[in-house]
Amino acid sequence: MSTLTGSQKAAMLLVQLGRDRAARVMARLDVAEIEELTAEIMRLDRVDQAMADEVLEEFYAASVIGPGVGGGMGLAQHLLEASLGADQAAGVMERLQTSMAGQPFEFLQQADARQVISLLSGEHPQAIALVLAHLRPEHASAILAGLEPGLQGEVAHRIALMERASPDVVAVIADSLQRKASTVLAPRELAPVGGVQPLVEIINRADPTTEKLILEGLSSRDEALAEEVRSRMFVFGDIVLLEDRAMQLVLRQVETSELSVALKGVSVEVRDTVLRNLSERARENLVEEIDLLGPVRLSQVEDARAGIVQAIRRLEESGQIVIRRDGEDEFVA
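Only a predicted model underlies this, so the values are computations on that prediction, with no experimental measurement involved.

(A) A negative patch on the surface, seen in detail. Taken together, Glu280, Glu284, Glu288 and Asp291 make up a surface patch of like negative charges. Tracing the sequence through the fold places Glu288 in helix H18 (residues 280-293).

Okay, structure coming up:
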């Protein structure tokens, strides 16, 4: 027991709770915690009953599952789907399976963005693109934001066009960075990295100024590709695509003061989408606050809208809402 981590104990407890109860517990966790626990569940095979009993006693549990505890891929998949839904669960499982096989740039995952930027200084844009494509989108976004504006567009362009990376190429880049940092794991098979969607996820997590610079740099190199990226991104005006229930959930995450600034100068359709999902009193208060604001700097409006978009993206990532992109098929009950 003394050698087990907290995550390992929690995974063992969840396994013993049974699928339905464990799924209800995991549904209350954030995505990072769910991924960590799922990885531990996937590593479980059979656990000694005495150890399982000790875990139960530590967590004040009331029952034990049979002689030994079964974990594995199937249970991990079931719990993820019950907690996040089938589509998001598939993405999490894919990331976990890749990470558990060993990531060539794993040593960078927990490094500060500024340290990584310094480490990548002087590297070829293609090498930088390859590294960022292997990192978590939010981490890669912070690193991309710290690059020189001209380099941002070049790297973004290369990420979008990247499809598959040769293990030999990855190994050369990893070995080069290893001399500056720490040990890396060489990949064992050809793995898909980069592409338009990873770039969209990186840009989605950037601040408005960085987002604008990246898209402008990308447009100067490949306008068609830039348009494809824009078409996949969720922007403030896309709230008209949200179902009313989803919009109401979003509005509960946003302060009235922030919402009033964000709605300055919007289209009638966007304004109506927001107002119809508020109570009568909240609607009246919002309209009054918008009228009292007077002229507002464009930068303030953009920041307020970016904050709301980030809230929407967080709700989508946690599986609480589904964003229907323009042109996608409708859902049928």
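The discussion continues.
(B) Expanded view of the pattern of salt bridges. Applying the stated rule across the entire model yields 4 salt bridges. Where Arg136 meets Glu138, a salt bridge forms, and the shortest distance between an N and an O atom there is 3.2 Å. Residue Glu138 is classed as partly exposed on the basis of its relative accessible area of 40%. Two residues, Arg276 and Asp244, come together in a salt bridge whose shortest N-O distance is 3.2 Å.

(C) Geometry of the environment of Ile128. Tracing the sequence through the fold places Ile128 in helix H8 (residues 125-134). The class of Ile128 is buried, set by a relative accessible area of 1%. Taking C-alpha positions, Ile128 is 9.8 Å from Leu151, a pair spaced 23 residues apart along the chain. Here Ile128 is in contact with Leu120, Glu123, Leu147, Leu151 and Val155, once residues within four sequence places are set aside.

(D) Layout of the nonpolar core. The biggest cluster of nonpolar side chains holds 40 residues, and the ones touching the most others in it are Phe105, Val131, Leu132, Leu135, Val155, Leu199 and Val229. The set of elements that each furnish at least two residues to this core consists of helix H7 (113-120), H8, helix H9 (137-145), helix H10 (149-161), helix H11 (167-178), helix H12 (196-204), helix H13 (208-221) and helix H14 (223-232). Sorting elements by how many residues they give to this core places H8 first, with 7 residues. Aside from chain neighbours lying at most four places away, what touches Leu132 is Ala140, Ile143, Leu144, Val155, Ile159 and Ile202. Counting 28 residues, the second-largest nonpolar core is a separate cluster that includes Phe236, Ile239, Ile290 and Ile312.

(E) Inspection of the packing of helix H1 (residues 6-17) against helix H3 (residues 31-43) at higher detail. Between H1 and H3, the least distance of the axes is 9 Å, while the angle of their chain directions is 75°. For the element pair H1 / H3, the angle class is roughly perpendicular. Here H1 contributes Ser7, Gln8, Ala10, Ala11, Leu14 and Val15 to the contact with H3, which in turn contributes Glu36, Leu37, Glu40 and Ile41.

(F) Examining the environment of His134 more closely. As for its position among the elements, His134 is in helix H8. Of the residues examined, His134 reaches a relative accessible area of 14% and is grouped as buried. One polar contact links the side chain of His134 to the main-chain carbonyl oxygen of Leu130, over a distance of 2.8 Å.

(G) A look at the side chain of Ser141. Inspection of the secondary structure assignment puts Ser141 in helix H9. What Ser141 contacts, discounting residues up to four positions off in sequence, is Ile202, Arg205 and Ala206.

(H) The arrangement of the confidence of the model for the protein chain in detail. Per-residue confidence for the protein chain gives a mean pLDDT of 75, with 74% of residues at or over 70. When the criterion is pLDDT under 50, residues 183-192 qualifies, and its contacts beyond four places in sequence or with other chains add up to 22 contacts.

(I) Examining H10 more closely. For H10, which comprises 13 residues, the first-to-last C-alpha distance of 19 Å matches the rise-based estimate of 18 Å (1.5 Å per residue) to within 8%. Those residues of H10 lying buried are Gln152, Gly153, Glu154, Val155, Ala156, His157, Ile159 and Ala160.

(J) Geometry of the side chain of His157. Here His157 is to be found in helix H10. Leaving out residues up to four positions away in the same chain, His157 has contacts with Leu218, Arg221, Asp222 and Leu225.

(K) Helix H2 (residues 19-26), seen in detail. Among the residues of H2, Ala22, Ala23 and Met26 are the ones counted as buried. Within H2, the buried residues cover an arc of 100° as seen down the axis, which keeps them to one side. For H2, exposure combined with an orientation more than 90 degrees from the buried face picks out Asp20 and Arg24.

The rules behind the values
- Residues numbered from 1 in each chain as written.
- Predicted model: local features only at pLDDT ≥ 70, side-chain atom pairs only at ≥ 80, totals over all residues.
- Heavy atoms only, no water.
- Patch = residues over 30% accessible without salt bridge, like charges linked within 9 Å, V, L, I, M, F, W, Y side chains within 5 Å.
- Areas by Shrake-Rupley, 256 points an atom, 1.4 Å probe, with all protein chains shown as cover.
- Salt bridge = Lys/Arg side-chain N within 4 Å of Asp/Glu carboxyl O.
- Lys, Arg positive; Asp, Glu negative; His and termini not counted.
- Charge placed at Lys NZ, Arg CZ, Asp CG, Glu CD.
- Helix = DSSP H or I, 4+ residues; strand = E, 2+ residues; numbered from the N terminus.
- Buried < 20%, exposed > 50% of the residue type's maximum accessible area, 1.4 Å probe, protein only.
- Contact = heavy atoms within 4.5 Å.
- Core = buried A, V, L, I, M, F, W, Y, C linked by side-chain atoms within 4.5 Å.
- Axes fitted to C-alpha atoms, helices over the stretch in contact; angles between N-to-C directions.
- Parallel < 35°, antiparallel > 145°, perpendicular 65-115°, else oblique.
- Polar contact = N/O pair within 3.5 Å; in protein donor to acceptor, adjacent residues only side chain to side chain.
- pLDDT = per-residue confidence, 0-100.
- Expected span 1.5 Å × (residues − 1).
- Arc of directions from axis to C-beta.

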